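One letter stands for each residue in the lines below.
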Amino acid sequence: MKRILSSRLAIAAFAISASASLAWGQTDTLRIAVINPFSGPMALYGDEVARGYQLAIDEANAKGGVAGRKIELLRGDASSPPQGIAAVEKLASQDKVEVFTGTYISAVSNAASDAALRYNRIYWDTNALAGDLTERGLPNFIRSGPYASSFAEVSATATKELLAPALKKDLKDIKVWIEHEDSIFGSSIAKLQKELLEKMGAKVVGLGAHNFRSIDLADSILRAKATEPDVWIETGYVPDGSLLLRTMRDQGFKPPAIMMVGTGDTFETLDALGAEYLEGVAVVGYPRPDQTEAYGPGAAAFLAAYKKKYDRDPIAPQGMTAYVGMQMLIEAIAAAGGTDMEKVRAAAAKMDKPLKSYASGFGAKFDANFQNTRAFPTVVQWQSGKVVTVYPKDAAQSHVRLVNLPRK
Amino acid sequence: METFFNILLSGILLGGIYSLVSIGLNLIFGVVRIVNFAQGEFVMLAMYATYFCTTHLGINPYLAVFLVAPLMFLFGLAVQRTVLQPLQNEPMMQIFATFGLLILFENSMLALTRGEAYSLSGGYSSVAISLFGLKASGVRVVVFFAATGIALALMLFLQRTMPGKAIRAVIQDRQAARLMGINVERTYLLTFGLGTALAGVAGALLAPIYTLSPYIGENFILAAFAVVVLGGLGSVPGAYFGGLIVGLIESFAGFYIDPALKQAIWFIIFVAVLVVRPSGLMGQIGAEEVGLREQS
Amino acid sequence: MLGQYVGLLLLACAPLGLMWNDPYWINILAYAYLFGALAAAWNIIGGFGGQFSLGHGVFFAIGAYTVARLYLDLGLTPWLGIFPAAALATLVAVLISWPTFRLRGPFFAIATMAINEACFALANYTDRLTGGPRGILVPFRAGFSNMIFIERWKYALLTFGFMSITVLITVLLRRSRLGHYLLAVREDEDAARAAGIDVLKVKLLGMALSAALTGAGGGIFAMYVRVLDPPTLFSLPDVGVKFALISLIGGIGTVMGPVVGALLIVPVENFLRGALGGEVPGGHLIILGIILVGASLFLKRGIVGAFTIALRRIRDRRHS
């Protein structure tokens, strides 16, 4: 009895002293928290996003911070909705965080933003993809980056404007197989891809779902192979994407065009498949630093800053989208003169910057649901073991040409 | 028709993977009778060890297996001695402990690698073999033959050698074995080490097939358990054929029904088979009657 | 005897009274109480009955989805919705368990895990009932009849109440005939059968009760977290295995064990994640893994067990 009592008393004493300092007051730094999975299978992306934020914050601090204060970034680890809630509670009540950002998993973003609303804190999402995050109309939620719809849109238009001409076929003669991993990420994008492609006149010959942790994906490949598609589009993560490509190679499935969506544009895929096999594979993903300066002003500077601070190349392109998202947030805070939820929201509503204003090629114009309508992924192609931006045309460097389409 | 044979072959090769991963677990589960959540992590650790050998030491993964397996054997001995032997009479705590080990191993690897996905260099995964006009990946064919060879070798070991017979005795009846003079604790040690070494072999041979991540062990563990239980506790041919059957069911269900449902389908079939035949397909009837509350 | 448990429950309520104003700790407490209740529910069949189920996530999920669906589609207040949710969970539990209770020990455990995974895949696949991979999102509309509160301490009070009810049910069960039969089945199933106990019926009744309470807890979870997707509800480490883990560390087969276990594990895990989660990837989980292994080695009978042994030693020393 005594043992239990004393430990509870200790917790209670600690809590009392902690809550004694719980007054609504500002700290002398402006604290922004990033809610992301920092453990679990998505840890890599959570980390990369946080790095992107930190670079934008360093830039702003070098110019004196924002609204008269320096910015400090705090991290909150969350891989599931209850963890997201707990992270927000801790950061908002104990660490005096004034603005929340994130979040690589949509379900976490959902729960965490809801919790943040109880504190009237802005939740500025730079990377989560689910459509309903903005469709639910939460008054504190603003999304600066592309989402499922944008990815689907670019997949469809790239098929029409890039792949179809390269295959020397009309879009209405193109057969497309849409493959996707079966969580909300792959499912939501694939559903929209099918709608858009069919609307454009292409023939969707199949929609295949798989679990990204599958030990074997031969069935998915054999099903696709049986339909003899011209274009094979896949939305998924790295482990399943790599396994699918390897299985395609094993099974001798050679669609004239391969397009990956979301992942497949990093060294992880290169190591798994090798430069020769990857030659010509297109990837719809977050914009990359090799874009032209005209399309993405500051992209090269971002790359240099990343290399300087972290002593390596960026691991995944999610970082630059996060960096740009943080820049937009800082601008909104500056315009609002502080972190008050209503004022930042109003400032965001007023933002109107054309496409190609930021390093990622984004603009800033939020619709009624506070989704940035000027944020799109780009399309890259693997060429000689390197990832090269090929679409939109003005994002690509002038000397860039498409290779290996149709695939040999 | 050609598609049918393609699926068949694919299923057999997948079955080889399941068999290879499950053979070590079959021994451990059969003898030491614990739900070893960490078995998948042993495979994962062996994969990373193989990656290290291949990428940093330049050793061919098929040679690295001779390095990795003995290391895993020693590692298994250590785990059994320090964590599991003290918990010999607490079967539920053993589950708890192995779950703790799972979390520990996974996240240690995450901390070490920061979550980046590695792949073995050397292009092993690109070797394709043509069998009767059907295509197969070379590395998977190797896995299949390895699984078959190991199963045969293990059966010989269990039938012909003294330590092997001791293991079979303990599988059948722990108390009687002890009464017969068999040192049960030493048998546990040997078995756990052997089972871990076999996980090591699986890891080394599977490393060329998959993209390595700290969480890849989780993808195998439940399937491995199901295969072992389906095949019949302690039965090496059971684990082997159980793996093949599961591989075939998964392949056919995936192709003809839906890849998104294949796991659900074979899990349901697994439960159904167990209900009809609780000792598994080839297990000794009654071997499964020994529950969690084990006699010492 | 009952008074002893009421006293302990009041003690468990003390942090709520002390920290009701601190949203961080109150959130953790609310969660801890809920999981204490869920672990106590599991304990009925897992601890008292000795049937080590790792698939209780299925009942949890059924409860959550049912309450959410009834609330969103029919406007049924969750206070009533938890009853059909519990009933549905019970029905599914009996259906699944009838055949699988043939299996014993680790075989049963593995079969329940397989069922959990199969249900995860099915829930992800079907869009209609479960919302598929997107899941069900319950919008925030505060109101007592909605079981949605602005102040977190109200949730903590709710989950504390639920936990108390579950614990008291456990106490009553322990003293009832069913309770004794469950313990007999756990000790030696064959002897129990030889003594004339209908083993299957006893197991099914225990499982029914356990599943009903788990389903109700899932319903409460649904109105607390309000983001319900298959990865959250069917997660083995966060849900199914966690119920067993909490009971084990607290003291399996004891009444207060699950409560003690939850009040320890939930805050510790949250604290570790908050303190270490960001910087070193997986750092807090490494420590948690070490704690789990250490606890299994040094707290073989769980905390309540260790406590009881220590108490007995003191008493023996006094008498000698």
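All values reported here derive from a predicted model rather than from experimental measurement.

Enquirer: Explain the pattern of salt bridges to me, and be specific about the residues and the numbers.
Expert: In the structure shown here, the tally under the stated rule is 35 salt bridges over all chains. Between B:Lys262 and A:Asp219 there is a salt bridge, with the nearest N and O atoms lying 2.9 Å from each other. With one member in each of two chains, B:Lys262 in helix H11 (residues 262-276) and A:Asp219 in helix H8 (residues 218-226) form a pair that bridges those chains. Looking at B:Lys262, the relative accessible area reads 2%, which means it is buried. Note that C:Arg104 is salt-bridged to C:Asp190, the shortest N-O span being 3.4 Å. Taken together, the residues span a long stretch of sequence, with C:Arg104 in the loop between helix H4 (78-100) and helix H5 (105-125) and C:Asp190 in helix H8 (residues 189-194) at a distance of 86 residues. Judged by its relative accessible area of 13%, C:Arg104 is buried.

Enquirer: Which residues make up a nonpolar patch on the surface, and what values go with them?
Expert: Residue and element names in this part refer to chain B. There is a patch of nonpolar side chains on the surface, built from Met1, Phe4, Phe5, Tyr256 and Ile257 and spanning about 540 Å² of accessible area. Sorting the residues of the nonpolar patch by element identifies helix H1 (2-32) and helix H10 (236-257) as the ones contributing at least two each. Assignment of secondary structure puts Phe5 in helix H1.

Enquirer: Which residues make up the sheet that holds strand S1 (residues 30-36) of chain A, and what values do they have?
Expert: In any sheet, the strands associate via hydrogen bonds between backbone groups, in a parallel or an antiparallel arrangement. Residues and elements named next belong to chain A. Taken together, the five strands give an open sheet; going across it, the order is S2-S1-S3-S4-S5, and neighbouring strands pair in parallel fashion. Of all strands in the sheet, those bounded by a partner on one side alone are strand S2 (71-77) and strand S5 (141-143). Averaged over all pairs of adjacent strands, the angle between strand axes in this sheet comes to 25 degrees, irrespective of strand direction. Pairing geometry for strand S3 (residues 99-102) and strand S4 (residues 122-125), over four bridges, is parallel.

Enquirer: Break down the nonpolar core for me, with residues and values.
Expert: Of all hydrophobic cores here, the largest spans 308 residues; its most connected members are A:Ile35, A:Phe100, A:Trp232, B:Tyr210 and B:Phe270. Among the elements that take part in this core, helix H2 (residues 23-48) of chain C stands out by supplying 19 residues, more than any other. Looking at which domains feed residues into this core, each of domain 1 (30-146 + 297-350) and domain 2 (149-285 + 378-395) of chain A gives three or more. When sequence neighbours within four positions are dropped, the list of residues in contact with B:Phe270 reads B:Ala226, B:Val229, B:Leu230, C:Ile110, C:Ala111 and C:Ala114. Residues A:Tyr104, A:Ile174, A:Val176 and A:Met259 belong to the second largest nonpolar core, which totals 44 residues.

Enquirer: Describe the interface of chain A and chain C, with residues and values.
Expert: The interface of chain A with chain C comprises 38 residues on the first partner and 40 residues on the second. Interface area, chain A with chain C, both sides summed: about 3500 Å², of which 64% is carbon and sulfur. At the junction of chain A with chain C, the criterion picks out four salt bridges. Its salt-bridge partner being C:Arg134, residue A:Asp132 comes within 3.7 Å of it at the nearest N-O pair.

Enquirer: Could you give an account of the packing of aromatic side chains, with specific residues and numbers?
Expert: Using the criterion set out here, one finds 44 aromatic pairs over all chains in the structure. Each ring, one from B:Phe42 and one from B:Phe192, has its centre 6.1 Å from the other, and the planes form 90 degrees; the classification is edge-to-face. Here the residue B:Phe42 occupies a position in helix H2 (residues 39-56), and B:Phe192 occupies one in helix H8 (residues 184-206), the gap between them amounting to 150 residues. Judged on exposure class, the residue B:Phe42 and its partner B:Phe192 are both buried. Judged by centre distance (5.2 Å) and plane angle (65 degrees), the ring pair of C:Tyr33 and C:Phe160 falls under edge-to-face. One end of the pair, C:Tyr33, is in helix H2; the other, C:Phe160, is in helix H6 (residues 152-175), with 127 residues separating them in the sequence.

Enquirer: Residue-level account of the interface of chain B and chain C, with values.
Expert: Interface extent is often summarised as the accessible area lost during association of the parts. Contact residues are listed per partner, giving 45 residues for chain B and 46 residues for chain C. Between chain B and chain C, a total of about 4200 Å² is buried, with carbon and sulfur atoms accounting for 80% of that surface. Linking chain B with chain C are zero salt bridges. Connecting chain B to chain C are three residue pairs in polar contact (both at pLDDT 80 or more). Broken down by secondary-structure element, the contributors of at least two residues to the side of chain B that touches chain C are helix H3 (61-84), helix H4 (91-113), helix H9 (216-231) and H11 of chain B. Among the elements that line the side of chain B that touches chain C, the one with the most residues is H4(B), at 14 residues. When the residues that make up the side of chain B that touches chain C are grouped by side-chain class, the tally is 34 nonpolar, five polar and six charged.

Enquirer: Please provide a residue-by-residue account of the layout of surface pockets, values included.
Expert: Space left empty within the atom packing is revealed by a probe, the size of a water molecule, rolled over the atoms. Here the second largest pocket is characterised by a volume of approximately 860 Å³. Taken together, 33 residues make up the lining of the second largest pocket; nearest its centre are A:Ser187, A:Ser188, A:Lys191, C:Asp127 and C:Pro133. Elements supplying a minimum of two residues to the lining of the second largest pocket: helix H5 (132-135), helix H6 (148-166), helix H7 (184-200) and strand S7 (203-210) of chain A together with helix H3 (57-74), H5 and strand S1 (136-137) of chain C. Classifying every residue of the lining of the second largest pocket gives 15 nonpolar, nine polar and nine charged. Counting only domains with at least three residues in the lining of the second largest pocket, you end up with domain 1 (30-146 + 297-350) and domain 2 (149-285 + 378-395) of chain A.

What counts and what doesn't
Residues numbered from 1 in each chain as written. Chains lettered and ligands numbered in written order. Predicted model: local features only at pLDDT ≥ 70, side-chain atom pairs only at ≥ 80, totals over all residues. Heavy atoms only, no water. Salt bridge = Lys/Arg side-chain N within 4 Å of Asp/Glu carboxyl O. Helix = DSSP H or I, 4+ residues; strand = E, 2+ residues; numbered from the N terminus. Buried < 20%, exposed > 50% of the residue type's maximum accessible area, 1.4 Å probe, protein only. Patch = residues over 30% accessible without salt bridge, like charges linked within 9 Å, V, L, I, M, F, W, Y side chains within 5 Å. Areas by Shrake-Rupley, 256 points an atom, 1.4 Å probe, with all protein chains shown as cover. Pairing = 2+ DSSP bridges. Axes fitted to C-alpha atoms, helices over the stretch in contact; angles between N-to-C directions. Core = buried A, V, L, I, M, F, W, Y, C linked by side-chain atoms within 4.5 Å. Domains from an automatic or database assignment. Contact = heavy atoms within 4.5 Å. Buried area = accessible area lost by both parts, 1.4 Å probe. Phe/Tyr/Trp six-rings, centres within 6.5 Å; stacked < 30°, edge-to-face > 60°. Polar contact = N/O pair within 3.5 Å; in protein donor to acceptor, adjacent residues only side chain to side chain. Nonpolar A, V, L, I, M, F, W, Y, C, P; charged D, E, K, R; others polar. 1 Å grid on protein atoms, 1.4 Å probe; cavity = no way out; pocket = protein on both sides within 12 Å on 5 of 7 lines; lining within 4 Å. Points joined across faces, edges and corners; volume = space filled by probe spheres on them.

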